[in-house]
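Survey of secondary and tertiary structure
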Amino acid sequence: AKRKRLGYARYDASYDTETENHGRLSLTGELRQAIARNELVLYYQPRLDLASGEITGVEALVRWQHPERGFVPPDQFIPFAEQTGCIRDITQWVIGRAFEQGARWRAAGLALAVSINLSARDLLGPELPRRFAELLASHGASPHWFLLEITESAIVDDPVRALETVTRLHEMGFSLSIDDFGTGYSSLAQLKRLPVAELKIDKSFVMDMARDPDDMTIVRSVIDLAHNMGLSVVAEGVETDEVRELLYDMGCDYLQGYHICKPLPAEQLEGWLARGAAQHCNKGEIT
Ligand code: C2E
Ligand code: MG
Ligand code: MG
Ligand code: MG
């Protein structure tokens, strides 16, 4: 936040930099402590399988319950964690919790595929696949229960190393997904080389598609592209019945968005699934 000094409105940039640096420094320290203090929480947002009308998967989304700042959404600390390098600790925490939860659901007879977001930086080090293997073993989880979401920028930044890590994860049995598709700068040539199973259309195209013909065209093109390449396609940011029906008519495979359900803590999600999912899916049944 920019502050003005009293007196002349002569703007002193160094003042801002100092306060900002101070804020950043304390946030770094707090982020590192957040894990130890158990302040991070995973929420899960269901995705609807349009072929079966059932909820077949959820996306794990991290939140930070800060003692003073309150609820901090990931957009406010993930980019920052990426810059400072502590994203690796956050990722490690996230995958541990997601594997644990995935295994728990399987044990309870709930066959939910759990999607996990990875950062560009996670793909650059060689240690990620080994960490995944250790955590799978310690939670008795199978890689086939999980999808790993990576963004186009993760590939563009360092295609060689990213491809190496992604290939390794694929060989281990994980499915891969390109998140926020359409907002990055990956080429179709790069995409073709990646062992991915699905594309997720960015919500910026989906949210307004009923009103914006350009968005509608983009969404339709991505669905066709995905299918022509033998990939599944997910639309995120589905907020209305109208958009849901359009996507159904276009042959989209999976929907995610507030119209289906917002992200929830595991326990609440289980309650929602038990009482309302079927009902909800009927409500939106498309004829
Ligand atoms: P994303 O992976 O693209 O996740 C989708 C975001 O869209 C989530 O925001 C979700 O809550 C939101 N969303 C879902 N449905 C709707 C809808 O109908 N309308 C609108 N307007 N938004 C919707 P969230 O949870 O705030 O996460 C934001 C981003 O933070 C994620 O975008 C992802 O890039 C990042 N993120 C979240 N959790 C993690 C994590 O564990 N690790 C990493 N590396 N990144 C994460
Ligand atoms: Mg995602
Ligand atoms: Mg996304
Ligand atoms: Mg995103």
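Computed from a predicted structure; not experimentally measured. (Residues numbered from 1 in each chain as written. Chains lettered and ligands numbered in written order. Predicted model: local features only at pLDDT ≥ 70, side-chain atom pairs only at ≥ 80, totals over all residues. Heavy atoms only, no water.)

**A few points about the pattern of salt bridges**
By the definition in use, this model includes 13 salt bridges. Salt-bridge contacts for Glu149 lead to Lys200; the nearest nitrogen and oxygen are separated by 2.7 Å. Placement of Glu149 in strand β5 (residues 146-151) and of Lys200 in strand β7 (residues 198-201) is noted, with a sequence separation of 51 residues between them. Judged on exposure class, the residue Glu149 and its partner Lys200 are both buried. With its nearest N and O atoms 4.0 Å apart, the salt bridge here joins Glu236 to Lys200. Of this pair, Glu236 sits in strand β8 (residues 232-236) while Lys200 sits in strand β7, and the two are 36 residues apart along the sequence. Both residues of the pair, Glu236 and Lys200, count as buried. Taken together, the shared-partner salt bridges connect Glu59, Glu149, Lys200 and Glu236 into one network. (Salt bridge = Lys/Arg side-chain N within 4 Å of Asp/Glu carboxyl O. Helix = DSSP H or I, 4+ residues; strand = E, 2+ residues; numbered from the N terminus. Buried < 20%, exposed > 50% of the residue type's maximum accessible area, 1.4 Å probe, protein only.)

**Notes on the pairing of β7**
Residues Glu198 and Lys200 point to one face of β7 and Leu199 and Ile201 to the other, with burial holding for every one of them. Where β7 lies against β8, four bridges are found, and the strand directions are parallel. Opposite Lys200, over in β8, you have Val234 as the bridge partner. (Pairing = 2+ DSSP bridges.)

**Quick word on the environment of Ile35**
Tracing the chain through its elements places Ile35 in helix α1 (residues 13-36). The exposure class assigned to Ile35 is partly exposed, which follows from its relative accessible area of 23%. Between the C-alpha atom of Ile35 and that of Ile90, which follows or precedes it by 55 residues, the distance is 7.4 Å.

**Considering the layout of surface pockets**
Unoccupied space between atoms shows up once a probe the size of one water molecule is rolled over them. Within this model, the largest pocket holds a volume of roughly 1,000 Å³. Along the wall of the largest pocket there are 37 residues; nearest its centre are Glu59, Leu61, Pro74, Asp75 and Asn117. Counting only elements with at least two residues in the lining of the largest pocket, the list comes to β2 (54-66), α2 (78-84), α3 (87-107), β5, α5 (152-157) and β6 (175-181). Here the element with the most residues in the lining of the largest pocket is β2; it accounts for five residues. Residues belonging to the lining of the largest pocket are distributed by class as follows: 15 nonpolar, nine polar and 13 charged. (1 Å grid on protein atoms, 1.4 Å probe; cavity = no way out; pocket = protein on both sides within 12 Å on 5 of 7 lines; lining within 4 Å. Points joined across faces, edges and corners; volume = space filled by probe spheres on them. Nonpolar A, V, L, I, M, F, W, Y, C, P; charged D, E, K, R; others polar.)

**So, the site of ligand 1**
Taken together, 24 residues sit near ligand 1, with Arg63, Asn117, Asp179, Glu239 and Tyr258 positioned nearest. Interatomic distance of 2.8 Å between a side-chain N/O atom of Asn117 and an oxygen atom of ligand 1. In this structure, an oxygen atom belonging to ligand 1 sits 3.0 Å away from a side-chain N or O atom of Asp180. A total of 800 Å² of accessible area belongs to ligand 1 in isolation, and the protein chains cover 88% of it. Spatially, ligand 1 is embedded in the largest pocket. When residues of the shell around ligand 1 are traced back to their parent elements, those giving at least two are β2 and β6. Among the elements that take part in the shell around ligand 1, β2 stands out by supplying four residues, more than any other. (Near = heavy atom within 4 Å. Polar contact = N/O pair within 3.5 Å; in protein donor to acceptor, adjacent residues only side chain to side chain. Areas by Shrake-Rupley, 256 points an atom, 1.4 Å probe, with all protein chains shown as cover. Sits in = over half its atoms within 2 Å of the grid points.)

**Describing the side chain of Asp49**
Locating Asp49 in the fold gives a position in strand β1 (residues 40-49). No salt bridge is formed by the buried Asp49, whose closest oppositely charged neighbour, Arg47, lies at an N-O distance of 8.3 Å. Setting aside residues no more than four positions away along its own chain, Asp49 makes contact with Glu54, Thr56, Asp253 and Tyr254. (Lys, Arg positive; Asp, Glu negative; His and termini not counted. Contact = heavy atoms within 4.5 Å.)

**Focus on the coordination of the magnesium ion (ligand 2)**
Distances from the magnesium ion (ligand 2) to its protein donors, namely Glu59 (OE), Asn117 (OD1), Glu149 (OE) and Asp179 (OD), fall within the range 2.0 to 2.2 Å. In the primary structure, the donors to the magnesium ion (ligand 2) are separated according to the pattern E-x57-N-x31-E-x29-D. Taken as a pair, the magnesium ion (ligand 2) and the magnesium ion (ligand 3) lie 4.1 Å from each other and share Asp179 as a ligand. Placement of the pair is Asn117 in strand β4 (residues 113-117) and Asp179 in strand β6, with a sequence separation of 62 residues. Its relative accessible area of 26% is what places Asn117 among the partly exposed residues. (Donors = N, O, S within 2.8 Å, 3.2 Å for Na, K, Ca; no water.)

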